[in-house]
Amino acid sequence: MADSKKSTAHDSAQFKPFVWNPLEGLDHDARARASFLNDARDVVDGAHTLMQLLVWDDELRDDVGSSDATVPLLERWHRASLQRFMVAALGMLHADIEGQCEALDLVRP
């Protein structure tokens with residue numbers, strides 16, 4: 001995942017991620033948490049959408065023999081690429097969550 005602590009990195013980008021939690025007016029710690037939550041929500045929403053697409057495509061594949069069948073949207077290599085993308089995105093999110101959990105453990109008395 002991109003470094004959530006650098007909000008200026010997104011300022012000049014052509015694509016700007018959604019901002020679910022506005023960062024203005026927050027102290028440094030709250031800004032870091034809000035940035036992480038924004039990134040996490042984008043990753044989870046994207047993974048959810050991709051899983052829905054794969055399930056929909058599976059249903060089309062199952063219906064290929066019926067008279068009103070629609071040709072599946074995705075080739076095998078499309079499906080494999082999307083699955084690898086989800087594994088990587090969710091793995092990066094998991095690593096970021098683990099890092100934040102470890103940081104919390106360090107600040108606890």
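Treat the numbers as computed from the prediction; the structure is a model and nothing was measured. (Residues numbered from 1 in each chain as written. Predicted model: local features only at pLDDT ≥ 70, side-chain atom pairs only at ≥ 80, totals over all residues. Heavy atoms only, no water.)

K.L.:
Please explain the overall build of the protein chain as it appears in this structure.
P.N.:
Scanning the protein chain from N- to C-terminus turns up 3 helices and 0 strands. A burial count over the protein chain gives 20% of its 109 residues as buried. The contacts in the protein chain between residues at least 6 apart in sequence include a share of 47% that link residues at least 24 apart. In the structure as shown, the protein chain presents an accessible area of about 8400 Å², 59% of it carried by carbon and sulfur atoms. (Helix = DSSP H or I, 4+ residues; strand = E, 2+ residues; numbered from the N terminus. Buried < 20%, exposed > 50% of the residue type's maximum accessible area, 1.4 Å probe, protein only. Contact = heavy atoms within 4.5 Å. Areas by Shrake-Rupley, 256 points an atom, 1.4 Å probe, with all protein chains shown as cover.)

K.L.:
Can you walk me through the pattern of salt bridges in this structure?
P.N.:
Between side chains of opposite charge, pairing is possible as soon as their charged atoms come close. For the structure on display, the rule yields 3 salt bridges. Residues D57 and R79 are paired through a salt bridge, measuring 3.0 Å at the closest nitrogen-oxygen approach. Residue D57 is located in helix 2 (residues 28-62), and its partner R79 is located in helix 3 (residues 76-107); the two are separated by 22 residues in the primary sequence. The class for D57 is buried, based on a relative accessible area of 0%. Among the charged side chains, a salt-bridge network with shared partners connects D57, D58, R61 and R79. (Salt bridge = Lys/Arg side-chain N within 4 Å of Asp/Glu carboxyl O.)

K.L.:
Please explain the confidence of the model for the protein chain as it appears in this structure.
P.N.:
Atomic detail in the predicted coordinates should be set aside for any region of low pLDDT. Mean pLDDT over the protein chain stands at 79; residues scoring 70 or higher make up 76%. Ranking the elements of the protein chain by mean pLDDT puts helix 1 (residues 8-11) last with 54 and helix 3 first with 90. (pLDDT = per-residue confidence, 0-100.)

K.L.:
Which parts of the structure should I look at to understand the environment of V44?
P.N.:
Along the chain, V44 turns up in helix 2. For V44, a relative accessible area of 44% puts it in the partly exposed group. Here the alpha-carbon distance between V44 and L93, two residues 49 residues apart in the chain, equals 8.8 Å.

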